[in-house]
Amino acid sequence: LLLGTSLTLVSNHWLMAWMGLEINTLAIIPMMTYPNNMRNTESAIKYFLMQATASMIIMFAIIYNAWMTNQWTLFQVSNEWATMFMTLALAMKLGLAPFHFWVPEVTQGIPLTSGMILLTWQKIAPTSILYQISPSLNMNLLILLAVSSTLLGGWGGLNQTHLRKILAYSSITHMGWMTVIVLINPSLTILNLLIYIAATMAIFLCLNLTSTTKINALSNLWNKSAPMTITLMIILLSLGGLPPLTGFMPKWLILQELIIYNNITTAMLLAFSALLNLFFYMRIIYTSTLTMFPSNNSSKFQWFHSSPKPTSLIPSMTVISAML
């Protein structure tokens, strides 16, 4: 995983960047199938098929661009059709709508640790290519992909009860926010990606520490760890973009840039779609912090039980993701 992402980040030749994406795809599959069962295998096959399809489209766009322009440099994609195919293939890899259907299914079928890597680390390499070819991208196509991702990501997460699926739809929405600004101000894409990765890793670490995968299990979270409940609440509010938490900053700056460039309609649609995400984040918070047992609590208190899992990452991730 480290080699694949690093190869894509440092390369300026298309074949090297493509090779890094392939190494990334193949490296995560053993991690996804580690507790060997049918659900993990099915999710790994779905992931592999989607990534292989996107890689083939990327290779087609690379060869077509080299044929038309006679160069293999990563920064120069001057052909319009090659740019369009490259954008659609990267949208498939990132899970942007309308190519988003694989993200919730794959995330739901794999363990929490693999899901965390899938929704954080695996986004870095495709986003870096999108960042590097941003001057030649088509604005209308990017806005279409971004707005549909934010709306479908918010809409799809409303009726979910599994936390991994909710985080997958949250990932689709955040990828839409990053895509819409990559042509206007690519630095904001990197800022949004870093804050999103920090917050998502913190949430997955909290869920992994308490072995929680469903919303209804969150009502017992305060019984397992009271500080963890407060931590999860703050991180979810930050991820939803509520001021004055850190997650509000990239959304604020992106909306400001869109308004400066007279994309008022796009900015309004993105702002409205953020409310959908905030709604299902608030539902998780309500279940985990404000729901008490109706009668006597017969479950065992676990506040002072020692945990074999590493907890040192939790405070640092909380500070990164939740403090402006």
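Above this text is the structure in question.
A few points on the structure.

Rules used throughout
- Residues numbered from 1 in each chain as written.
- Predicted model: local features only at pLDDT ≥ 70, side-chain atom pairs only at ≥ 80, totals over all residues.
- Heavy atoms only, no water.
- Helix = DSSP H or I, 4+ residues; strand = E, 2+ residues; numbered from the N terminus.
- Buried < 20%, exposed > 50% of the residue type's maximum accessible area, 1.4 Å probe, protein only.
- Contact = heavy atoms within 4.5 Å.
- Areas by Shrake-Rupley, 256 points an atom, 1.4 Å probe, with all protein chains shown as cover.
- Core = buried A, V, L, I, M, F, W, Y, C linked by side-chain atoms within 4.5 Å.
- Domains from an automatic or database assignment.
- Axes fitted to C-alpha atoms, helices over the stretch in contact; angles between N-to-C directions.
- Left-handed = near helix turned anticlockwise from the far one by under 90°.
- Nonpolar A, V, L, I, M, F, W, Y, C, P; charged D, E, K, R; others polar.
- Salt bridge = Lys/Arg side-chain N within 4 Å of Asp/Glu carboxyl O.
- 1 Å grid on protein atoms, 1.4 Å probe; cavity = no way out; pocket = protein on both sides within 12 Å on 5 of 7 lines; lining within 4 Å.
- Points joined across faces, edges and corners; volume = space filled by probe spheres on them.
- Phe/Tyr/Trp six-rings, centres within 6.5 Å; stacked < 30°, edge-to-face > 60°.

## With respect to the overall build of the chain
Part 1: When you go through the chain residue by residue, the secondary structure sums to 15 helices and zero strands.
Part 2: Burial status across the chain gives 53% buried among its 324 residues.
Part 3: Within the chain, contacts between residues separated by at least 24 positions form 77% of all contacts whose residues are at least 6 apart in sequence.
Part 4: In the structure as shown, the chain presents an accessible area of about 14800 Å², 71% of it carried by carbon and sulfur atoms.

## Observations regarding the nonpolar core
Part 1: Grouped together as the largest cluster of nonpolar side chains are 72 residues, with contacts concentrated most on Trp 14, Tyr 47, Met 86 and Ile 203.
Part 2: Taken domain by domain, this core gets at least three of its residues from each of domain 1 (1-137) and domain 2 (140-323).
Part 3: Excluding its chain neighbours within four sequence positions, the residues that come into contact with Trp 14 are Ile 62, Asn 65, Trp 72, Thr 73, Leu 74, Val 77, Met 86, Ile 129 and Ile 133.

## A closer look at the packing of helix 3 (residues 38-69) against helix 5 (residues 102-109)
Part 1: Look at helix 3 against helix 5: their axes get within 8 Å of each other, and the N-to-C directions meet at 150°. In this structure, helix 3 meets helix 5 at a crossing whose hand is left-handed. In this structure, helix 3 uses Arg 39, Asn 40, Ser 43, Lys 46, Tyr 47, Met 50 and Gln 51 to contact helix 5, whose residues at the interface are Trp 102, Glu 105, Val 106, Gln 108 and Gly 109.
Part 2: Taken together, the residues of the contact of helix 3 with helix 5 break down into four nonpolar, five polar and three charged.

## Digging into the pattern of salt bridges
Part 1: All told, the structure shown has three salt bridges when counted by the stated rule.
Part 2: When the shortest N-O distance is used, the salt bridge between Lys 46 and Glu 42 registers 3.2 Å. Separated by four residues within a single helix, Lys 46 and Glu 42 lie in helix 3, roughly one turn from each other.
Part 3: Here Lys 46 falls in the partly exposed class, since its relative accessible area comes to 30%.
Part 4: When its relative accessible area of 43% is taken as the criterion, Glu 42 is described as partly exposed.
Part 5: Residue Lys 165 pairs with Glu 105 through a salt bridge whose shortest N-O separation is 3.9 Å. In this pair, Lys 165 sits in helix 9 (residues 163-181) while Glu 105 sits in helix 5, placing the two residues 60 residues apart along the sequence.

## Regarding empty space enclosed by the protein
Part 1: In total, this model carries five cavities of 30 Å³ or more according to the counting rule given.
Part 2: Empty space within the largest cavity amounts to approximately 90 Å³.
Part 3: If you trace the largest cavity, you find it lined by Leu 21, Asn 24, Thr 25, Tyr 47, Gln 51, Lys 93, Trp 102, Leu 118, Gln 122, Lys 123 and Pro 126.
Part 4: Listed by contribution, the elements that provide at least two residues to the lining of the largest cavity are helix 2 (14-32) and helix 3.
Part 5: The element best represented in the lining of the largest cavity is helix 2, accounting for three residues.
Part 6: Split by residue class, the lining of the largest cavity holds five nonpolar, four polar and two charged.

## Topic: helix 6 (residues 112-119)
Part 1: The buried fraction of helix 6 amounts to seven of the eight residues, a majority that puts the element mostly inside the structure.
Part 2: Taken as a whole, helix 6 has its buried residues at Leu 112, Ser 114, Gly 115, Met 116, Ile 117, Leu 118 and Leu 119.
Part 3: Packing partners of the buried residues in helix 6 comprise helix 2, helix 3, helix 5, helix 9 and helix 10 (186-210).

## Here we look at the packing of aromatic side chains
Part 1: Per the stated rule, a full pass over the model turns up seven aromatic pairs.
Part 2: Between the aromatic rings of Phe 60 and Tyr 64, the centroid separation amounts to 6.1 Å while the plane-to-plane angle is 15°, which identifies the pairing as stacked. With Phe 60 and Tyr 64 both in helix 3 and four residues apart, this pair spans about one turn of that helix.
Part 3: Judged by its relative accessible area of 45%, Phe 60 is partly exposed.
Part 4: Among the residues examined, Tyr 64 registers a relative accessible area of 21% and is labelled partly exposed.
Part 5: With 5.6 Å between their ring centres and 15° between their planes, Phe 248 and Trp 252 make a pair best called stacked. Residue Phe 248 and its partner Trp 252 are both found in helix 13 (residues 248-260); the two are separated by four residues, about one turn of the helix.
Part 6: When its relative accessible area of 26% is taken as the criterion, Phe 248 is described as partly exposed.
Part 7: Grouped by ring-pair contacts, the aromatic residues Phe 60, Tyr 64, Trp 67, Trp 81 and Phe 85 constitute a single cluster.

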